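Structural overview for review
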Amino acid sequence: MSGEELNTPVLVVPWSRLDLANAPKLRDNGLKLINECTRALIVDLSKVDFIDSCGLGVLVSLTKRVGGKHAVTLVGLRDPALSLIRLTRLDEVFRFSDTVLAAAPAAARTGKSQ
Amino acid sequence: MNRTRDFSVSAPGRVDSIADLCAAIRRAAMAAVSADLTWRLEMVAAETLNNIVEHAYHGGSDELITVGLSVLSDTVELTVCDTAGASFTGPTCPEMPPINPESLADLPEGGFGLAIIAELADSVRREAGPDGSRQTFVFRERRE
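All figures in this text were calculated on a predicted structure; none of them were measured in a lab. (Residues numbered from 1 in each chain as written. Chains lettered and ligands numbered in written order. Predicted model: local features only at pLDDT ≥ 70, side-chain atom pairs only at ≥ 80, totals over all residues. Heavy atoms only, no water.)

1. Section: the nonpolar core
In terms of nonpolar packing, the biggest core is built from 73 residues, with Leu41 and Leu78 of chain B touching the most fellow members. Looking at this core element by element, the count peaks at 11 residues for helix α2 (residues 35–56) of chain B. In contact with leucine 78 of chain B, other than residues within four places in its own chain, are Ile25, Leu41, Val44, Ala45, Val67, Gly68, Leu69, Gln135, Thr136, Phe137 and Phe139 of chain B. Membership of the second largest hydrophobic core comes to six residues, among which are Ala40, Ile42, Val75 and Ala107 of chain A. (Core = buried A, V, L, I, M, F, W, Y, C linked by side-chain atoms within 4.5 Å. Buried < 20%, exposed > 50% of the residue type's maximum accessible area, 1.4 Å probe, protein only. Helix = DSSP H or I, 4+ residues; strand = E, 2+ residues; numbered from the N terminus. Contact = heavy atoms within 4.5 Å.)

Below you can see the structure in the form of structure tokens.
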């Protein structure tokens, strides 16, 4: 993996719930991490076991800020949170990966192609 | 139909109460129903509580919210009651916001909550009065 591939920002969600209480904090952290040159973002959700509509809204918001379809890779997402993403059809918007290391090369390619 | 288990819990209508109320529902449900139905109950409870705290209680209140769960022989009933005079109700059958991944500006950042409730509950009833609202959701197990 090249240094460039490792430069894709990684935003770790440290809570078990991504919900109304925590979503604003994630938005703030995400906006601090990205800038006008950021074209890909990895969000590590491996500690999260519950997402509500407010959490979804922040993930969409960051996707729009970074650059659109597949610009955000969600790492470690598992059921039932994954079921919610499918229910809302947002699975067409995000990229998915099991680990941050596995996500980095594809995220870097996304960044280059935009 | 015989009620087999009844459970209710109350907490102030604040953002930081929502996770505790949801956890109480999850613990009560998981002893009696499938993991899938447990998640649907928690999801609907969370979205309903979000709406009450944000809209009926305008961001938070010390007024109580009471969440109840009744497990019957082939259905589960979730009730959420608040005491806000002008409660949030909303439509019972909203559609999921349309997703077009190719149109960045049009990707919805909100509007999912009521549609999620409509998808996950098998029936929704909302009764609002001057003393608050009572929202009742009925669920059945769904086979894959």
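2. Section: the interface of chain A and chain B
Counting from both sides, the interface comprises 27 residues of chain A and, opposite them, 27 residues of chain B. In this assembly, chain A packs against chain B so that about 2300 Å² is buried in total across both faces, 69% of it on carbon and sulfur atoms. Its largest share of buried area at the contact with chain B, chain A owes to Leu20, Lys64 and Leu87 of chain A, together 26% of the area lost on that side. At the boundary of chain A and chain B, one finds two salt bridges. Its salt-bridge partner being glutamate 42 of chain B, residue arginine 17 of chain A comes within 2.7 Å of it at the nearest N-O pair. (Buried area = accessible area lost by both parts, 1.4 Å probe. Salt bridge = Lys/Arg side-chain N within 4 Å of Asp/Glu carboxyl O.)

3. So, unusual backbone geometry
Peptide bonds are, in most cases, trans, and in most cases residues other than glycine have a negative phi. For the bond from aspartate 79 of chain A to proline 80 of chain A, the omega torsion is 5 degrees, close enough to zero to count as cis. Although it is not a glycine, arginine 89 of chain A adopts a positive phi angle of roughly 65 degrees. Inspection of the secondary structure assignment puts arginine 89 of chain A in the loop between α4 (81–87) and β6 (95–97). Of note, histidine 58 of chain B is a non-glycine position whose phi angle comes to about 50 degrees, a positive value. Residue position: histidine 58 of chain B is located in the loop between α2 and β2 (64–72).

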